[in-house]
Amino acid sequence: MKIGVLALQGAFIEHIKMLKQVGAETVEVRLPEQLEGLDGLIIPGGESTTIGKLATDYNLIEPLREFSQHKPTWGTCAGMIFLAKQLTTEEQPILGSMDIQVNRNAFGRQIDSFETNIHIDGFSDEPFHAVFIRAPVVTRVDDNVQVLAQLDDGQVVAVQQDHLLATAFHPELTDDLRLHSHFCAMIEKTTTS
Ligand code: GLN
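It should be emphasised that the depicted structure is a prediction, and the values quoted were computed from it without experimental measurement.

**A look at the overall build of the chain**
Phase 1 of the analysis: Regarding its fold elements, the chain presents five helices and 12 strands.
Phase 2 of the analysis: Its C-alpha radius of gyration of 15 Å places the chain within 12% of the 16 Å reference for a compact globule of 193 residues.
Phase 3 of the analysis: In terms of overall dimensions, the chain has a C-alpha envelope of 40 × 40 × 30 Å along the principal axes.
Phase 4 of the analysis: By residue count, 50% of the 193 residues in the chain fall in the buried class.
Phase 5 of the analysis: Measuring between centres, the 14 positive side-chain charges of the chain sit 5 Å from its 27 negative side-chain charges.

Right, dumping it as structure tokens:
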């Protein structure tokens, strides 16, 4: 299984390390042609305005949009913002692939970053330690989107829509491999169906 990680900015190295641990072959994606032959793609956390600007400069917006229409794609944090159909904040380049509305910096500034344990639907009872860094939340989902995790106050922080996955936190900054394994299982499902 060959999984690309968008490597324009942000925490792509950490995702690559996690993917290697779950046995995937990895590719750093900076050019449209590097999407060829990939079974899936991770869009990492970082700064979504920067990722959007660089993706525009490198002519990656359309190829990424096209890829995410058919192939498993997972956005974490800024990657979740980049995948969303709609933002509550002012305009910036996004892919618009996933039927969710997202509020950037929903918990405030860098200083308001936090870590907490959450439960992810379909996972074992073992809590998932989630690291939120200037994190977004999902403020609206269409009917075709499944909510996988919420904070105690009900704020939605992980969602899945068929072959698309989005998490507001940074699983690549912990040593819990369950979400990376889940993404590989999503890929297996699409390649065998
Ligand atoms: N606040 C960042 C943004 O708006 C996301 C932060 C992150 O990816 N950790 O893009």
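From this point, the narrative continues.
**Structural notes on the pattern of salt bridges**
Phase 1 of the analysis: Applying the stated criterion across every chain, the model contains eight salt bridges.
Phase 2 of the analysis: Among the charged side chains, a network of salt bridges with common partners joins Glu 47, Arg 104 and Arg 134.

**As for the side chain of Asp 176**
Phase 1 of the analysis: Note that Asp 176 resides in the loop between β12 (164-167) and α5 (178-192).
Phase 2 of the analysis: A distance of 2.7 Å separates a polar atom in the side chain of Asp 176 from a polar atom in the side chain of Arg 178.
Phase 3 of the analysis: Here Asp 176 is in contact with Met 18, Pro 127, Phe 128 and Pro 171, once residues within four sequence places are set aside.

**Considering the side chain of Thr 167**
Phase 1 of the analysis: Its place among the elements puts Thr 167 in strand β12.
Phase 2 of the analysis: If we ignore the near neighbours within four places in the chain, the residues touching Thr 167 are Trp 74, Gly 75, Thr 76, Cys 77, Met 80, Val 157, Ala 158 and Leu 179.

**Description of helix α1 (residues 12-21)**
Phase 1 of the analysis: Turning to α1, its buried residues number three or more, namely Phe 12, His 15, Ile 16, Met 18 and Leu 19. The buried residues of α1 all sit within an arc of 165° when viewed along its axis, so they share a single face. For α1, exposure combined with an orientation more than 90 degrees from the buried face picks out Lys 17, Lys 20 and Gln 21.
Phase 2 of the analysis: Just beyond α1, the residue with positive phi is Gly 23, at close to 90°.

**Looking at unusual backbone geometry**
Phase 1 of the analysis: Even without glycine at this site, Cys 77 takes up a positive phi of about 55°.
Phase 2 of the analysis: Here Cys 77 lies in the loop between β4 (73-76) and α4 (78-83).

**Points about the pairing of strand β11 (residues 156-161)**
Phase 1 of the analysis: Within β11, six of the six residues are buried, leaving the element largely enclosed by the surrounding structure.
Phase 2 of the analysis: Sheet analysis places strand β10 (residues 146-150) next to β11, joined by four bridges and oriented antiparallel. Each residue of the ladder has a partner; that of Val 147, found in β11, is Val 159.
Phase 3 of the analysis: Taken together, the four bridges between β11 and β12 define a ladder with antiparallel strand orientation. Residue pairing in the sheet places Val 159 in a bridge with Ala 166 of β12.

**With respect to the site of the ligand**
Phase 1 of the analysis: Every residue lining the ligand is accounted for by Gly 45, Gly 46, Glu 47, Ser 48, Cys 77, Ala 78, Ile 81, Arg 104, Asn 105, Ile 133, Arg 134 and His 170.
Phase 2 of the analysis: In this structure, Ser 48 approaches the ligand through a main-chain N or O atom, which is 2.6 Å from an oxygen atom.
Phase 3 of the analysis: Contact distances for the ligand include 2.9 Å between a nitrogen atom and a backbone N or O atom of Arg 134.
Phase 4 of the analysis: Taken by itself the ligand offers 300 Å² of open surface, and the protein chains cover 97% of this.
Phase 5 of the analysis: Per-class residue counts for the shell around the ligand are four nonpolar, five polar and three charged.

**What about α5?**
Phase 1 of the analysis: For α5, with 15 residues, the first-to-last C-alpha span of 21 Å sits near the 21 Å given by 1.5 Å per residue.
Phase 2 of the analysis: Among the residues of α5, Leu 179, His 180, Phe 183, Cys 184, Met 186 and Ile 187 are the ones counted as buried. Within α5, the buried residues cover an arc of 155° as seen down the axis, which keeps them to one side. In α5, the exposed positions that point more than 90 degrees away from the buried face belong to Lys 189 and Thr 192.

**A look at the nonpolar core**
Phase 1 of the analysis: In this structure, Ile 100 and Phe 169 are the most contacted members of the largest nonpolar core, which totals 63 residues.
Phase 2 of the analysis: Look past the residues within four positions of Phe 169 in its chain and what remains in contact with it is Thr 76, Cys 77, Ile 118, Ile 120, Phe 128, Ala 130, Val 131, Phe 132, Val 157, Ala 158 and Leu 179.

Calculation rules
- Throughout this description, residue numbers start from 1 for each chain and increase along the sequence as written.
- Residue-level local features of this predicted model are given only where pLDDT is at least 70; pairs of side-chain atoms are given and counted only at 80 or more, and the full residue set underlies all totals for whole chains, interfaces and linings.
- To obtain the side-chain values, all non-hydrogen atoms of the structure were used and water was disregarded.
- Elements are defined by DSSP. Helices are runs of H or I of four residues or more, strands are runs of E of two residues or more, and each kind is numbered from the N terminus.
- Based on C-alpha atoms, the radius of gyration is set beside the globule rule, defined as 2.2 Å times the residue count to the power 0.38.
- Accessibility here uses a 1.4 Å probe with only protein chains present; expressed as a share of the type maximum, an area under 20% marks a residue as buried, one over 50% as exposed, and anything in between as partly exposed.
- In summary, the charge assignment counts Lys and Arg as positive and Asp and Glu as negative, without counting His or the chain termini.
- Taken as the charge location is NZ of Lys, CZ of Arg, CG of Asp or CD of Glu.
- The rule for a salt bridge is simple: a side-chain nitrogen of Lys or Arg has to be within 4 Å of a carboxyl oxygen of Asp or Glu.
- N or O atoms closer than or at 3.5 Å make up a polar contact, with two conditions inside protein: a donor-capable atom paired with an acceptor-capable one, and, for residues adjacent in sequence, both atoms drawn from side chains.
- Here, residues are in contact when the closest pair of their heavy atoms is within 4.5 Å.
- The directions considered for the arc run from the helix axis to the C-beta atoms.
- Any two strands between which DSSP finds at least two bridges are classified as paired.
- Here a residue is near a molecule or strand as soon as one of its heavy atoms is found within 4 Å of it.
- Here, Shrake-Rupley sampling with a 1.4 Å probe gives the accessible areas, and only protein chains in the shown set may cover a residue.
- Under the scheme applied here, ten amino acids are nonpolar (Ala, Val, Leu, Ile, Met, Phe, Trp, Tyr, Cys and Pro), four are charged (Asp, Glu, Lys and Arg), and all others, including Gly, are polar.
- Each helix should span, by expectation, one fewer than its residue count multiplied by 1.5 Å.
- Residues belong to one nonpolar core when they are buried, are Ala, Val, Leu, Ile, Met, Phe, Trp, Tyr or Cys, and are joined through side-chain atoms within 4.5 Å.

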